Amino acid sequence: REARVHFVEPGRDSRWRVAATVQLGAFETEGQANSAWRKLSSRFSLLEGSEKMLVPYNSGSRHLVRLRAGVASRWRAGKICEQLKAADENCFVVR
């Protein structure tokens, strides 16, 4: 099942809201972020039902794409991150 994708502009108010987001990585291209999402979502069932979010980010002269999962609660975000870290993946709860 393909997740819905939300492109988020930094600093812009959006009608779409989630209770918490989990940052799964930052990538040089949208393609790399999408590839990482496919790999992670196939390995970790807790990502099912979350919203894939691609967030453009500028770090100096570098342009990156942050990959995040939007979820309904901080509890769920914490559980997702806990499971990812137990499998030696990196993540953190954003909000």
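Before reading on, note that the structure itself is shown above.
Throughout what follows, the structure given in this document is the object of discussion. Computed from a predicted model, the values in this text were never measured in an experiment.

1. Here we look at helix 2 (residues 74-86)
Phase 1: Counted at 1.5 Å a residue, the expected span for helix 2 with its 13 residues is 18 Å, and the 18 Å between its end C-alpha atoms agrees.
Phase 2: Along helix 2, the positions that sit buried rather than exposed are Ala 77, Ile 80, Cys 81 and Leu 84. Along the axis of helix 2, the buried positions cluster into a sector of 95 degrees, meaning they face one direction only. In helix 2, the exposed positions that point more than 90 degrees away from the buried face belong to Trp 75 and Ala 86.
Phase 3: Among the structural elements, strand 2 (20-27), helix 1 (30-43), strand 4 (62-71) and strand 5 (92-93) are those in contact with the buried residues of helix 2.
Phase 4: In the segment just after helix 2, Asp 88 is the residue with positive phi, at about 65 degrees.

Basis of the calculations
Residues numbered from 1 in each chain as written. Predicted model: local features only at pLDDT ≥ 70, side-chain atom pairs only at ≥ 80, totals over all residues. Heavy atoms only, no water. Helix = DSSP H or I, 4+ residues; strand = E, 2+ residues; numbered from the N terminus. Expected span 1.5 Å × (residues − 1). Buried < 20%, exposed > 50% of the residue type's maximum accessible area, 1.4 Å probe, protein only. Arc of directions from axis to C-beta. Contact = heavy atoms within 4.5 Å.

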